[in-house]
Amino acid sequence: IDEDAVKKLKEMNFVLIRFGAETGSDRLLKILKGGNVTIEDGQRTIDLCHKYDIPISASFMFGVPGETRDDLQETYNFLEKNRDKNPPRIRECFF
């Protein structure tokens, strides 16, 4: 999502944006979404929604086959980094 899109969503009075962040690990995200989405994309979405005061709801998956402790730590770090924005609504899915 880019800034122009978020501006338009704000102008249209969107009250929430929900997206599947899935994980804070680029390695795992490549496996889950085929390399089409990066952690940077998710971070940009969060930052822009925060800038335009649009609440977000992001879903995360835990226990995905192949997930490592490092992947979990990266997801934890991503969540901690964004904990005070909007505030985010987090949904979890455990495998």
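What you see is a predicted model, and the numbers here were worked out from it, not measured in a lab.

So, the packing of aromatic side chains
Here is step 1 of the chain: All chains considered together, the criterion is met by one aromatic pair.
Here is step 2 of the chain: Aromatic side chains Phe 60 and Phe 78 sit 6.1 Å apart centroid to centroid with 55° between the ring planes, which places their arrangement in the tilted category. Residue Phe 60 is found in strand S2 (residues 56-62), and its partner Phe 78 is found in helix H4 (residues 69-81); the two are separated by 18 residues along the sequence. Comparing Phe 60 with Phe 78 shows no difference in burial state: the two are buried.

Topic: the pattern of salt bridges
Here is step 1 of the chain: Counted under the stated rule, the structure contains five salt bridges.
Here is step 2 of the chain: Residue Lys 51 is joined to Glu 3 by a salt bridge in which the shortest nitrogen-to-oxygen separation is 2.6 Å. Taken together, the positions of Lys 51 in helix H3 (residues 39-51) and Glu 3 in helix H1 (residues 3-11) put the pair 48 residues apart, joining distant regions of the chain.
Here is step 3 of the chain: For Glu 3, a relative accessible area of 28% puts it in the partly exposed group.
Here is step 4 of the chain: For the salt bridge of Asp 41 with Arg 44, the shortest nitrogen-to-oxygen distance reads 2.6 Å. Residue Asp 41 and its partner Arg 44 are located together in helix H3, separated by three residues, close to a single helical turn.
Here is step 5 of the chain: Taking the relative accessible area as the measure of exposure, Arg 44 reaches 31% and is therefore partly exposed.

What counts and how
Residues numbered from 1 in each chain as written. Predicted model: local features only at pLDDT ≥ 70, side-chain atom pairs only at ≥ 80, totals over all residues. Heavy atoms only, no water. Phe/Tyr/Trp six-rings, centres within 6.5 Å; stacked < 30°, edge-to-face > 60°. Helix = DSSP H or I, 4+ residues; strand = E, 2+ residues; numbered from the N terminus. Buried < 20%, exposed > 50% of the residue type's maximum accessible area, 1.4 Å probe, protein only. Salt bridge = Lys/Arg side-chain N within 4 Å of Asp/Glu carboxyl O.

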